[in-house]
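Take a look at the letters that make up each chain.
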Amino acid sequence: MAGFFVSVEGVDGSGKSGMARRLGDWLHEKSIAVVSTREPGGSAGAERIRELLLGSGGILDPLAEALLFAAARADHVRKLIVPTLEAGGVVVSDRFSDSTIAYQGAGSTVDMAVIQQLQQIAVGEHRPDLVIVLDVDPAISMERARKRNGDAGVKDDRFEVEGLAFHARVREGFLRQAATDRSRYVVIDASRTPDEVWGDVRRAVRDALLKNGMELTNSLSLAPLPSPR
Ligand code: TMP
């Protein structure tokens, strides 16, 4: 497949949505055909499942949750990701299957063999070429998420529902995944300022694009950082 697939992962409040947005904008500015998307969601059907999942208020059994995340992913992969890659485009996804491994597997302790089977069914060979893990202590990211949710008027965030110990397991889940394949995963210290984190994200993506032989122009060389939005 000609395109390139990158996912941005991390615990709640790690800053990954902002980084995924910045990455999509940067590639677009470099005239690269890029589709920015997110999980759960990204296709019309998967966005409906997202509403169900995020509106469930913690009533779902973790296995049922894992199945729904996988169902959303199957739709997203077939409807959006594969067609984009086949057309030679770059996909930037705010979360992908590593989130299920970390949240439902390491966090909620659904049997890891079941989780892996689900990924095999939903994703198959269409796994990301690069996974960026934004790593931060959940005690720090909880404060960030609380501030953001407070500013947006959102009341009960996932930290309130699941607690800090859950998020510590999720963080470990991401790090364990990253340790299994250093050629596809890049772990970035996300406790720093957004500009510092962005510098590392941009470098990791540029290096991975070069390594994958993506057609490059000078435009991918590292220009000075654009000012933050
Ligand atoms: P978001 O905060 O990135 O919008 O993600 C919504 C929530 O969904 C977040 O708490 C992480 C969770 N999630 C899972 O538990 N499993 C998954 O597979 C995905 C994609 C997200």
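Cut-off values and rules
- Residues numbered from 1 in each chain as written.
- Predicted model: local features only at pLDDT ≥ 70, side-chain atom pairs only at ≥ 80, totals over all residues.
- Heavy atoms only, no water.
- Helix = DSSP H or I, 4+ residues; strand = E, 2+ residues; numbered from the N terminus.
- Buried < 20%, exposed > 50% of the residue type's maximum accessible area, 1.4 Å probe, protein only.
- Contact = heavy atoms within 4.5 Å.
- Areas by Shrake-Rupley, 256 points an atom, 1.4 Å probe, with all protein chains shown as cover.
- Polar contact = N/O pair within 3.5 Å; in protein donor to acceptor, adjacent residues only side chain to side chain.
- Pairing = 2+ DSSP bridges.
- Axes fitted to C-alpha atoms, helices over the stretch in contact; angles between N-to-C directions.
- Salt bridge = Lys/Arg side-chain N within 4 Å of Asp/Glu carboxyl O.
- Arc of directions from axis to C-beta.
- 1 Å grid on protein atoms, 1.4 Å probe; cavity = no way out; pocket = protein on both sides within 12 Å on 5 of 7 lines; lining within 4 Å.
- Points joined across faces, edges and corners; volume = space filled by probe spheres on them.
- Nonpolar A, V, L, I, M, F, W, Y, C, P; charged D, E, K, R; others polar.

Engineer: Would you mind showing me how to read the overall build of the protein chain here?
Structural biologist: Looking only at helices and strands, one finds nine helices and five strands in the protein chain. Along its sequence from the N terminus, the protein chain presents helices and strands in the succession β-α-β-α-α-β-α-α-β-α-α-α-β-α. Taken across its 229 residues, the protein chain has 48% of its residues classed as buried. Considering only contacts in the protein chain between residues 6 or more positions apart, those separated by 24 or more positions represent 77%. Of the accessible surface of the protein chain, which amounts to about 11000 Å², a share of 53% is contributed by carbon and sulfur atoms.

Engineer: Looking at this model, I keep getting lost on the environment of serine 191. Mind explaining?
Structural biologist: Summarising the element assignment, serine 191 is placed in the loop between β5 (185-189) and α9 (194-211). You can call serine 191 partly exposed: its relative accessible area is 39%. Here the alpha-carbon distance between serine 191 and aspartate 137, two residues 54 residues apart in the chain, equals 7.6 Å. Setting aside residues up to four positions removed in sequence, serine 191 forms contacts with Asp135, Val136, Ile140 and Arg144. Side-chain polar atoms of serine 191 contact the side chain of aspartate 189, separated by 2.7 Å.

Engineer: How should I be thinking about the sheet that holds strand β1 (residues 4-10) in this particular structure?
Structural biologist: The pairing of strands in a sheet comes from backbone hydrogen bonds and takes either a parallel or an antiparallel form. Spatially, five strands are ordered β2-β3-β1-β4-β5 in an open sheet, and the strand pairing comes out parallel. The open sheet has two edge strands, β2 (34-38) and β5, and neither has a second partner. Recorded for the sheet is a direction-independent mean angle of 20° between the axes of neighbouring strands. For β1 and strand β3 (residues 90-94), the ladder comprises five bridges, and the chain directions are parallel. Bridge pairing in β3 links serine 7 to serine 93.

Engineer: Any chance you could explain the pattern of salt bridges here in plain terms?
Structural biologist: Between side chains of opposite charge, a pair can form as their charged atoms come close. The final tally for this structure, using the stated rule, is twelve salt bridges. Of the charged contacts in the structure, one is a salt bridge between arginine 206 and aspartate 207, with a shortest N-O distance of 2.9 Å. Overall, the relative accessible area of 18% leaves arginine 206 in the buried class.

Engineer: Could you clarify how one ought to interpret helix α5 (residues 112-122) in this entry?
Structural biologist: For the α-helix, the turn length of 3.6 residues means that residues three or four positions removed from each other point alike. Along α5, the residues that are buried comprise Ile115, Leu118, Gln119 and Ala122. The buried side chains of α5 occupy one side of the element, clustering within an arc of 100° when seen end-on. α5 presents Gln117, Gln120 and Ile121 as exposed residues on the side facing more than 90 degrees away from its buried surface. Taken together, the buried residues of α5 touch α3 (62-86) and α4 (97-107). With a side-chain oxygen lying 3.0 Å from the backbone nitrogen of alanine 113, the N-terminal cap of α5 falls on aspartate 111. One or two steps after α5, the chain reaches glycine 124, where phi turns positive at roughly 60°.

Engineer: It is not clear to me how the layout of surface pockets should be interpreted in this structure. Could you clarify?
Structural biologist: To find the voids left in a structure, one rolls a probe of water-molecule size over its atoms. Considered as a void within the structure, the second largest pocket measures approximately 300 Å³ in volume. Lining the second largest pocket we find 15 residues, and of these Ser97, Gln116, Gln119, Arg127 and Arg184 sit closest to its centre. Residue classes in the lining of the second largest pocket are distributed as four nonpolar, seven polar and four charged.

Engineer: Would you mind showing me how to read unusual backbone geometry here?
Structural biologist: Working note: non-glycine residues mostly have negative phi, and peptide bonds are mostly trans. Residue proline 40 follows glutamate 39 across a cis peptide bond; omega there is -10°. We note that serine 31 has phi near 60°; this positive angle belongs to a residue other than glycine. Looking at the secondary structure, you find serine 31 in the loop between α1 (16-29) and β2. In this model, arginine 95 sits at a positive phi of 80°, which is unusual for a non-glycine residue. Structurally, arginine 95 can be placed in the loop between β3 and α4.

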